[in-house]
Amino acid sequence: MRAFLLLFLLFPVLELYVFFKVSTAIGFFPALLLIIAGSALGVLVLRVAGLATVLRTRASLQRGELPAEQMFNGLVTAMGGILLIVPGFISDVLGVLCLLPFTRHFLIRKVRERAQAQAMRQRAFADDMPSPGAPSQAYRAHVIEGEVIEGEVVGRDTDRSGR
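Residues numbered from 1 in each chain as written. Predicted model: local features only at pLDDT ≥ 70, side-chain atom pairs only at ≥ 80, totals over all residues. Heavy atoms only, no water.

Undergrad: I'd love a proper account of helix H3 (residues 68–85), names of residues and values included.
TA: Here H3 contains 18 residues, and its C-alpha end-to-end distance of 26 Å stays within 8% of the 26 Å for a straight helix at 1.5 Å per residue. Turning to H3, its buried residues are Gln70, Phe72, Asn73, Gly74, Val76, Thr77, Gly80, Gly81 and Leu84. (Helix = DSSP H or I, 4+ residues; strand = E, 2+ residues; numbered from the N terminus. Expected span 1.5 Å × (residues − 1). Buried < 20%, exposed > 50% of the residue type's maximum accessible area, 1.4 Å probe, protein only.)

Undergrad: Report on the packing of helix H1 (residues 2–26) against helix H4 (residues 89–99), specifying residues and quantitative values.
TA: Where H1 meets H4, the closest approach of the two axes is 7 Å, and the angle between their N-to-C directions is 100 degrees. In terms of orientation, H1 lies roughly perpendicular with respect to H4. Mapping the contact onto sequence places Phe11, Leu14, Glu15, Val18, Phe19 and Val22 in H1 and Phe89, Ile90 and Ser91 in H4. Grouping the amino acids of the contact of H1 with H4 by side-chain chemistry returns seven nonpolar, one polar and one charged. (Axes fitted to C-alpha atoms, helices over the stretch in contact; angles between N-to-C directions. Parallel < 35°, antiparallel > 145°, perpendicular 65-115°, else oblique. Contact = heavy atoms within 4.5 Å. Nonpolar A, V, L, I, M, F, W, Y, C, P; charged D, E, K, R; others polar.)

Undergrad: I'd like a description of a nonpolar patch on the surface, backed by residues and values.
TA: A contiguous nonpolar patch, built from Val93, Leu94, Val96, Leu97, Leu100 and Phe102 and spanning about 510 Å² of accessible area, is present on the exposed surface. Topologically, Leu97 is positioned in helix H4. (Patch = residues over 30% accessible without salt bridge, like charges linked within 9 Å, V, L, I, M, F, W, Y side chains within 5 Å. Areas by Shrake-Rupley, 256 points an atom, 1.4 Å probe, with all protein chains shown as cover. Salt bridge = Lys/Arg side-chain N within 4 Å of Asp/Glu carboxyl O.)

Undergrad: Before we move on, can you summarise the packing of aromatic side chains with the specific residues and values?
TA: Taken as a whole, this structure holds four aromatic pairs when the rule is applied. Seen from their ring centres, Phe19 and Phe28 are 5.8 Å apart, and the 85 degrees between their planes marks the pair as edge-to-face. (Phe/Tyr/Trp six-rings, centres within 6.5 Å; stacked < 30°, edge-to-face > 60°.)

Undergrad: Account for the pattern of salt bridges, naming residues and giving values.
TA: Where charged atoms of side chains with opposite charge meet at close range, the side chains can pair. On inspection of all chains with the given rule, the structure shows three salt bridges. Glu69 is the partner of Arg112 in a salt bridge, and the nearest nitrogen-oxygen pair spans 2.4 Å. Separated by 43 residues along the polypeptide, Arg112 in helix H5 (residues 101–128) and Glu69 in helix H3 bring together distant segments of the chain. Overall, Arg112 belongs to the partly exposed group, its relative accessible area being 27%. Among the ionic pairs, Lys110 bridges to Glu113, the shortest N-O distance being 3.9 Å. One end of the pair, Lys110, and the other, Glu113, are both in helix H5, three residues apart, so they sit about a helical turn from each other. Exposure remark for Lys110: the relative accessible area of 38% places this residue in the partly exposed category.

Undergrad: Which residues make up the environment of Phe11, and what values do they have?
TA: One can find Phe11 in helix H1. Here the alpha-carbon distance between Phe11 and Ile90, two residues 79 residues apart in the chain, equals 8.8 Å. Among all residues touching Phe11, those that are not within four sequence positions of it are Ile90 and Ser91.

Undergrad: Give me the lowdown on the UniProt feature "transmembrane region" (unreviewed entry) in the protein chain, citing residues and values where you can.
TA: In this numbering, the UniProt entry assigns the feature "transmembrane region" (unreviewed entry) to residues 26–55 and 75–102. Between the first and last C-alpha atoms of residues 26–55 the distance is 41 Å; the span itself is 97% helix and 0% strand. Structurally, residues 75–102 comprises 86% helix and 0% strand, and the distance from its first C-alpha atom to its last is 15 Å. (UniProt positions renumbered as here; feature names shortened; annotations may be inferred.)

The structure is reproduced here in structure tokens:
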């Protein structure tokens, strides 16, 4: 979380530095026009890619398939469009990388692997936990001088009289 906070604070400073360097090399107004053109391209990408993702998802659902691939593809494309909208050259480069087919497929594969790993961790944890809303069926056995006494575990919200 600290790395994310540091990146969040450092990113605008890096964007300003790169804008300053580019504007000294090509001029202020051409650099500003490049930033505006990148944002316009991002808006266009979001509109077109969003519509295309919805249409592909609908077609996949009509065929009876799960649209996971289309959803991941739409997610990475939308992330690229949003990065293009954010003013700055670094975010524009990252946005274009999200839109290129070979880097987009790489990102989709990484996101899918992380999602599967997270699902496996949650599934393994959920197997150890009782299902929510189900009454507690856990029993404990106490051994007192060689004699086993069985009893039901009662939640803390009920008192000993059963009320």
